[in-house]
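Examination of the molecular architecture
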2 protein chains.
Amino acid sequence: MDRRIDDLTARARIRDAAIRLFGERGIEGASIRDIAAEAGVSSGLVRHHFGSKEALRDACDRYAKERMLEVGEELTDAGGVAALDPATLHPRVFPLQLYLVRSMMDGSETAAALFLGAVDSIEEWSTAYGIHPTDRRAYAAAMAAIKLSVFVFRDQVSKALGEDITTPAGYARIGQGLMEVFTIPLITEEQAEQLRKKSEEN
Amino acid sequence: MDRRIDDLTARARIRDAAIRLFGERGIEGASIRDIAAEAGVSSGLVRHHFGSKEALRDACDRYAKERMLEVGEELTDAGGVAALDPATLHPRVFPLQLYLVRSMMDGSETAAALFLGAVDSIEEWSTAYGIHPTDRRAYAAAMAAIKLSVFVFRDQVSKALGEDITTPAGYARIGQGLMEVFTIPLITEEQAEQLRKKSEEN
DNA sequence: CACTTGACTACACGCTCGTGTAGGAGTTTG
DNA sequence: CAAACTCCTACACGAGCGTGTAGTCAAGTG
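Summarised in this report is the structure supplied together with it. Being a predicted model, the structure only gives us computed values, none of them experimental.

**Overview of the overall build of chain A**
In terms of helices and strands, chain A carries 10 helices and zero strands. If you list the helices and strands of chain A from N to C, you get α-α-α-α-α-α-α-α-α-α. Split into buried and exposed, the 202 residues of chain A put 47% on the buried side. Taking the intrachain contacts of chain A between residues at least 6 apart in sequence as the baseline, contacts between residues at least 24 apart amount to 56%. When the accessible surface of chain A is totalled, it reaches about 9800 Å², and 50% of it is carbon and sulfur.

What follows is the structure, encoded as structure tokens:
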């Protein structure tokens, strides 16, 4: 899109640096001065282009959302269950996911809307797929949270695996672990029913 | 333990206030002055009792870890799969979980050790339970991350459910949603095998 | 009584933050 | 040519932060 010969405009570089640093350190943890230094410009230019830190975050939110929805369309075009294959989730979406999760935890409306959208589509998908949970909404919400969990705990998961999950190989590995959580039934329907009844007693 | 007639010592009140505010707003988001105000003391007293913000966090880490391990023993004593029942996870551990997750994301060694311990015990448990994932370590790491995910996204999940999951009722609901993720096999073993092969091609 | 000790407060420090302002350099436009 | 506009930098301001210091007050101890 905006890609020039081999470099980006200063505005795009600031936005990319912001997404990277916000995603790594959190919104509070990354200062405008840090972002400016990362992008190789003065801190005043950040303000010139985006007005304020909050406005910069909004711009990052919109950009990340746009890109993620693009990828989402690519994946649904590629067809159904294959979307769960970690190898098809290109490493290029990792910084975006990381940023959106951080922004969401920081109270972003845009990111929260993305989460709700994900819950909605999981709900619809599970219906079409022929799954019948007791509480479909709760099921969908749990699934949505689960999909993001590895991004939040990437340091801990990487340490547990002895392998950096920000690399394609590591991400594929934890992605497969996630897949098997969805594949292997942990308890039988009868046991689940028992637990359900027991919790209703209280 | 330290419980007096109806109040706590100033030190305990500071520690409880820190766990609450750190958990709600994150470590950076809660200042020593905020914590002091929440505990009803001067900011100097926080320093007097704990020395520094980092030391205060360490004290909170150790305290929360201790309490969580206590609860963990209670649950394993109560027996196996019942530990997954949300109704047995008392609301009193919610603030502790919230705090530990925040502290973990902020790079706490103690909290990270708790995560690794969780992965280890899930790994052992899955072996004893007769589950055979392709990559047991990755499976266990994914499970550990999943268990914590609803704490991270509690605001988003609450919004999606239209129900506050910090309440026992709401927590039971999302807990059941999580349980059904573990119960309903999403894809067959054959499909999983196909995906596995496809990702190995790249 | 004099002295010490621990809980506690008030206040000031240096730092970093987001933000505001003034202005320079290069291009476009009348 | 000059005015205007955009991109960009340098620098200062006030606020909030963690931290340091000095001192008050009450309880215990010889």
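**Let's talk about helix α9 (residues 168-183) of chain A**
Given 3.6 residues per helical turn, the α-helix brings residues three or four places apart onto the same face. Residue and element names in this part refer to chain A. Helix length check: α9, at 16 residues, gives a terminal C-alpha distance of 22 Å against a target of 22 Å (1.5 Å per residue), a fit within 8%. Within α9, 12 of the 16 residues are buried, which leaves the element mostly enclosed by the surrounding structure. Looking at α9, one finds that the buried residues are G170, Y171, I174, G175, Q176, G177, L178, M179, E180, V181, F182 and T183.

**Focus on the interface of chain B and chain A**
Contact residues are listed per partner, giving 58 residues for chain B and 58 residues for chain A. With both sides pooled, the region where chain B packs onto chain A buries about 5800 Å², and carbon together with sulfur makes up 70% of that total. Where chain B packs against chain A, one counts two salt bridges. The closest approach of N and O atoms between D135 of chain A and R173 of chain B, which form a salt bridge, is 2.5 Å. The interface formed by chain B and chain A holds 12 residue pairs in polar contact (both at pLDDT 80 or more) in total.

**A word on the protein's contact with DNA strand C**
Within the structure, DNA strand C sits among 15 residues, and I32, R33, R47 and K53 of chain A together with S42 of chain B are positioned closest to it. I32 of chain A has a polar backbone atom sitting 3.0 Å from a phosphate oxygen of DNA strand C. In this structure, R33 of chain A approaches DNA strand C through a side-chain N or O atom, which is 2.8 Å from a base nitrogen. Contributing elements (two or more residues each) for the surface near DNA strand C: α2 (32-39) of chain A together with α3 (43-50) of chain B. When residues of the surface near DNA strand C are assigned to their parent elements, the largest contribution, four residues, is made by α3 of chain B. Across the surface near DNA strand C, the residue classes break down as five nonpolar, six polar and four charged.

**A short note on the packing of aromatic side chains**
Residue and element names in this part refer to chain A. For the structure on display, the rule yields 12 aromatic pairs over all chains. Here the aromatic rings of F94 and Y171 are separated by 5.5 Å at their centres, their planes lie at 85°, and the arrangement is edge-to-face. One end of the pair, F94, is in helix α5 (residues 94-105); the other, Y171, is in helix α9, and 77 residues separate them in sequence. Here the two residues F94 and Y171 agree in accessibility, since each one is buried. Taken together, F94, F151 and Y171 form an aromatic cluster joined through their ring pairs.

**Side note on a negative patch on the surface**
Residues and elements named next belong to chain A. On the surface, a cluster of negative charge is made up of E66, E70, E73 and D77. Within the secondary structure, E70 is located in helix α4 (residues 53-78). For E70, a relative accessible area of 32% translates into the label partly exposed.

**Quick look at the environment of A111 of chain B**
Residues and elements named next belong to chain B. Tracing the chain through its elements places A111 in helix α6 (residues 109-129). By relative accessible area, A111 is classed as buried at 0%. In sequence terms A111 and V101 are 10 residues apart; their C-alpha atoms lie 7.4 Å from each other. When sequence neighbours within four positions are dropped, the list of residues in contact with A111 reads L100, S103 and M104.

**Here's the deal with the packing of helix α5 (residues 94-105) of chain B against α6 of chain B**
All names here are of chain B. The N-to-C vectors of α5 and α6 enclose an angle of 105°; their axes lie 8 Å apart at closest approach. Put simply, α5 runs roughly perpendicular to α6. Facing α5, whose interface residues are L100, S103 and M104, α6 presents A111, A112, L114 and F115. Partitioning the contact of α5 with α6 into residue classes produces six nonpolar, one polar and no charged.

**Observations concerning the environment of G175 of chain B**
Residues and elements named next belong to chain B. The residue G175 is located in helix α9 (residues 168-183) in this model. Note on G175: relative accessible area 13%, which makes it buried. Distance in space between the C-alpha atoms of G175 and I165 is 9.3 Å, their sequence separation being 10 residues.

**As for the relation of the copies chain B and chain A**
Each copy superposes on the other: chain B lies on chain A with an RMSD of 0.1 Å after a rotation of 180° and an axial shift of 0.0 Å. Both chain copies can therefore be described as sitting about a two-fold axis. When the interface residues of chain B are mapped onto chain A, 100% of them again lie at the interface, so the same face is used by both copies.

**Brief notes about the protein's contact with DNA strand D**
In the vicinity of DNA strand D lie 14 residues, with S42 and H49 of chain A together with R33, R47 and K53 of chain B positioned nearest. Sugar plus phosphate, as a fraction of atoms of DNA strand D within 4 Å of the protein: 59%. A distance of 3.4 Å is found between a phosphate oxygen of DNA strand D and a side-chain nitrogen or oxygen belonging to S31 of chain B. In the model, a phosphate oxygen of DNA strand D is placed 3.1 Å from a nitrogen or oxygen of the I32 of chain B main chain. Counting residues per element, the ones that place at least two in the surface near DNA strand D are α3 (43-50) of chain A together with α2 (32-39) of chain B. Ranked by the residues each element gives to the surface near DNA strand D, the list is headed by α3 of chain A, at four residues. Here the surface near DNA strand D is built from residues that sort into four nonpolar, six polar and four charged.

How each quantity is defined
- Residues numbered from 1 in each chain as written.
- Chains lettered and ligands numbered in written order.
- Predicted model: local features only at pLDDT ≥ 70, side-chain atom pairs only at ≥ 80, totals over all residues.
- Heavy atoms only, no water.
- Helix = DSSP H or I, 4+ residues; strand = E, 2+ residues; numbered from the N terminus.
- Buried < 20%, exposed > 50% of the residue type's maximum accessible area, 1.4 Å probe, protein only.
- Contact = heavy atoms within 4.5 Å.
- Areas by Shrake-Rupley, 256 points an atom, 1.4 Å probe, with all protein chains shown as cover.
- Expected span 1.5 Å × (residues − 1).
- Buried area = accessible area lost by both parts, 1.4 Å probe.
- Salt bridge = Lys/Arg side-chain N within 4 Å of Asp/Glu carboxyl O.
- Polar contact = N/O pair within 3.5 Å; in protein donor to acceptor, adjacent residues only side chain to side chain.
- Near = heavy atom within 4 Å.
- Nonpolar A, V, L, I, M, F, W, Y, C, P; charged D, E, K, R; others polar.
- Phe/Tyr/Trp six-rings, centres within 6.5 Å; stacked < 30°, edge-to-face > 60°.
- Patch = residues over 30% accessible without salt bridge, like charges linked within 9 Å, V, L, I, M, F, W, Y side chains within 5 Å.
- Lys, Arg positive; Asp, Glu negative; His and termini not counted.
- Charge placed at Lys NZ, Arg CZ, Asp CG, Glu CD.
- Axes fitted to C-alpha atoms, helices over the stretch in contact; angles between N-to-C directions.
- Parallel < 35°, antiparallel > 145°, perpendicular 65-115°, else oblique.
- Least-squares fit on C-alpha atoms with pLDDT ≥ 70 in both.

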